[in-house]
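In case you want the letters, here they are:
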Number of protein chains: 2
Amino acid sequence: MSTGKVTPISGFLEFLPAERLVEQHFLDVIRRTFELHGFASIETRAVEPVERLAGKGGDVDKEIYGITRLGRHADDATESELGLHFDLTVPFARYVVENAGKLAFPFKRYQIQKVWRGERPQEGRYREFTQCDIDVVDVGSLASHFEAELPLVIADAFAQLPIGPFVIQVNNRKIPQGFYEGIGLTDIAGTLRVVDKLDKVGAATVARLLEEAGATADQAQACLDLAAIKSTDLSFVDEVRALGVSNPTLDEGLAELAAVITAGMAHAPGVLVADLKIARGLDYYTGTVYETQLVGYESWGSFCSGGRYDALASDGRTTYPGVGISIGLSRLLGLLIGKGLVTASRSTPACVLVAVISEDSRPRSLAVATALRRNGIPCDVAPSAAKFGKQIRYAERRGIPYVWFPADEPTGDLSDPADAAPAQDSVKDIRSGEQTPADAETWRPPAGDLAVMIRRN
Amino acid sequence: MSTGKVTPISGFLEFLPAERLVEQHFLDVIRRTFELHGFASIETRAVEPVERLAGKGGDVDKEIYGITRLGRHADDATESELGLHFDLTVPFARYVVENAGKLAFPFKRYQIQKVWRGERPQEGRYREFTQCDIDVVDVGSLASHFEAELPLVIADAFAQLPIGPFVIQVNNRKIPQGFYEGIGLTDIAGTLRVVDKLDKVGAATVARLLEEAGATADQAQACLDLAAIKSTDLSFVDEVRALGVSNPTLDEGLAELAAVITAGMAHAPGVLVADLKIARGLDYYTGTVYETQLVGYESWGSFCSGGRYDALASDGRTTYPGVGISIGLSRLLGLLIGKGLVTASRSTPACVLVAVISEDSRPRSLAVATALRRNGIPCDVAPSAAKFGKQIRYAERRGIPYVWFPADEPTGDLSDPADAAPAQDSVKDIRSGEQTPADAETWRPPAGDLAVMIRRN
């Protein structure tokens, strides 16, 4: 087919093969970690009814993509209006209600899929991107220990990825809510929105904005004092107590956050931080909230966020509370790959290129490849019986570390060893140039060469 | 969020967790096989410009889904019209042209993604479905040995899947084309379209249709004779020769098909069949074509098709020939899962449920889980410190084969062994009821229990 002139579409990221291998490594580690923690995979269809995506207010701020059949016939006029999902939470909530009778609760699921948002594309913001979500959902009520266990799954996954140091910042909506109530503020959501700007506009501006919204100077200062509290151990509890505010919701929040930090201290010391300025999402989350930053790349924002919903889903009669975290994989890779921070050692899964001596002997090369593959060694067979130098360059261009030379059929004067061609296969490490005799039935590459190596630069 | 009433959307298949585990097993085997054969993964964005999807004729017969931003602003009016891809070949061709300068040719890629078609949904036909494609593409010319190697990759993948016996039917466009030319027929495409109906309408009707289209009775009979030829070895060549037609294109086709069948006989005896009635796709493929049927489920049609394109892609100056095969995974699973032919042994990756004795001792259960996970054993921790019977039922409902009981802290009169609680962890196979002492640092389940077992029923 003629493809003519081609230009990329802004906001729709595509990777070259070596970059895709980095992405696959991240996806594999994330999936394996989710599964080790007992989360079951689901995938939901890419589309939902627009009215479900838009929510109660018919809000299309989320920049929903609607879809329509271009070849639609008149008799399909009754089809409901559909749009592409913009996250994995809305479809998961729908899936839970739709399949409630067939699921075992508490239901722990992971979901790794693309989502679409018609936002203005910018660095790290795409119109098509991959999210990796875990959620635990239960019927009626949900045990709070899940709020402590979920960030440990993320800590396990991130610890295995070449992303450098990271912190998971944790807060609990009940802390600012109880605290604000305790100091006599009534507009909780409005106060949270202002405090959320702290990193961007600074303390003085936040204080001014709070006062403009009706807080006294003391109240504004108390909000700033609370937001300044941060600890990787339980010292945050005493620091909040020292502010002298008493409120039952605050107490509940402190106990829940202490449980999360305690679990973090046992499982992933230093990774979980109680950070009381975290306010994003506190308008829809009802308990614990999580944000995740790469140390040194804080300006990129959070790569992994989530929290607890008292009503993740509801069918009107039954309520399904849930807690979840979502890794923004495309954002993370957009940074790491885009900045050249993480690279793959080759552009193909093949660890070995099997050379071809002549087209007539291709079946012999294929037999070598079959033996290697049977032993789990990914390999490629040279596309043509070109000169060996050209075949080696085929491997070099792709970063394939080994070239396999099948034994030539003995030729020449066999009575003269100097004239007889080698009768045994050999394999060459083209990085070192070292060539050694080898048997395809038993040879194995060093473990570090079998899979593509993903490096942090 | 309130999800209200929920109804499935026709044509958009979703799996329950145990079904998804079947799908993941298929995806894993397919991916591993593609990678062992040296194919590199790419993913392309879900959208292409509608004009590219529609092709030269502006054809929307493919039931393209167009997408539009519902919250679109006036300043975006210049955005080009986009649609969801309906296969992976059109986007791959575009990707090759777009990235030609950065790819190493011949380029072997695999691509496993969802595609969308607004077709009328029916059994085995979905509006959203997953395709698993491999293609080899080169610049200018493509060695014909790739046409012999590609079906062997599929044979390797299918041989490892619980799908029962299957056959890959192979033909070559040059055989009917040369044969028809050799007997004096000129409307090659029209003749192929009629012969393609053979299985549905029978030989007598095909003969009548060919004669109505201008063929003589002898010509029609010759077409039927050719279409009747089928062999798992090279005997098809002599059978064609015996029809007494001489044509250079026919000769070329026979040689190419013989090479494919020869490779099949060496690598996967009995799986590849030269089947000269295969005509589907011969209007756009230019050489070898493939179809794949499950033995006993022939009426379901092909689950895996492909062929060679002399011009997979072109930018006007350079032509990129290619050969590819696509597994219709959703069709295959629609049959196997839909008919209950293949099932998973559990609905979660977890192999072990770690029981919780009391909420106070949850950290001890989490430590057991951490030790098991470190050894690659997926596990779950009981959601509550319920009675053990209830915890065991949690495992049973999900098909988790083992329940781990952490040692209780020694209690009671320790000087009286009968009164002291057990001090060692134990693990119970809840299928047999057998319970044995175990150490989380060293215990391993039998290999057959570690991963979910996928069974052909």
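Fair warning: this is a prediction, and the values are worked out from it, not measured in the lab.

Asker: Would you take a moment to explain the relation of the copies chain A and chain B for this structure?
Answerer: Comparison of the two chain copies shows a relationship of rotation about an axis with a shift along it. Of the transformation superimposing chain A on chain B, the axial component is 0.0 Å and the angular component is 180°, with the fit at an RMSD of 0.0 Å. Seen this way, the second copy is the image of the first under a two-fold rotation axis. Relative to the rotation axis, the C-alpha of Ile67(A) is the closest in chain A, positioned 2.2 Å from it.

Asker: How should the packing of aromatic side chains be read in this particular structure?
Answerer: Each aromatic ring pair is specified by the distance between its two centres and by the angle formed by the two planes. Following the criterion strictly, the structure yields 18 aromatic pairs over all chains and no others. For the pair Phe158(A) and Phe166(A), a centre-to-centre distance of 5.3 Å together with 80° between the ring planes defines the contact as edge-to-face. Exposure class is identical for Phe158(A) and Phe166(A). Each is buried. The interplanar angle of 75° and the centroid separation of 5.5 Å between the aromatic rings of Trp404(B) and Trp443(B) together place this pair among those described as edge-to-face. Here Trp404(B) is found in strand 16 (residues 402-405), whereas its partner Trp443(B) is found in the loop between strand 18 (435-437) and helix 15 (447-450), with 39 residues between them in sequence. A relative accessible area of 0% places Trp404(B) in the buried class. A connected cluster of aromatic rings, assembled from ring pairs, spans Tyr402(A), Trp404(A) and Trp443(A). Positioned above the aromatic ring of Tyr394(B), the side-chain terminus of Arg398(B) is 3.5 Å from the ring centre.

Asker: I would appreciate a short explanation of the sheet that holds strand 7 (residues 166-172) of chain A in the present structure.
Answerer: Two orientations exist for strands paired in a sheet by backbone hydrogen bonds: parallel and antiparallel. All names here are of chain A. On the basis of which strands lie adjacent, the open sheet formed by 9 strands has the order 1-5-6-12-11-10-7-9-8 and mixed pairing. Bordering the open sheet on either side are strand 1 (40-41) and strand 8 (230-231), each of which pairs with just one other strand. Of the pairings in the sheet, the one linking strand 5 (residues 107-116) to strand 6 (residues 128-137) comprises 10 bridges and is antiparallel in character. The residue of strand 6 that forms the bridge with Arg109 is Asp135. On the sheet, helix 12 (residues 329-338) packs against strand 6, strand 10 (288-294) and strand 12 (319-328) and is oriented at approximately 10° with respect to strand 12.

Cut-offs applied
Residues numbered from 1 in each chain as written. Chains lettered and ligands numbered in written order. Predicted model: local features only at pLDDT ≥ 70, side-chain atom pairs only at ≥ 80, totals over all residues. Heavy atoms only, no water. Least-squares fit on C-alpha atoms with pLDDT ≥ 70 in both. Phe/Tyr/Trp six-rings, centres within 6.5 Å; stacked < 30°, edge-to-face > 60°. Buried < 20%, exposed > 50% of the residue type's maximum accessible area, 1.4 Å probe, protein only. Helix = DSSP H or I, 4+ residues; strand = E, 2+ residues; numbered from the N terminus. Lys NZ or Arg CZ within 6 Å of the ring centre and 35° of its normal. Pairing = 2+ DSSP bridges. Contact = heavy atoms within 4.5 Å. Axes fitted to C-alpha atoms, helices over the stretch in contact; angles between N-to-C directions.

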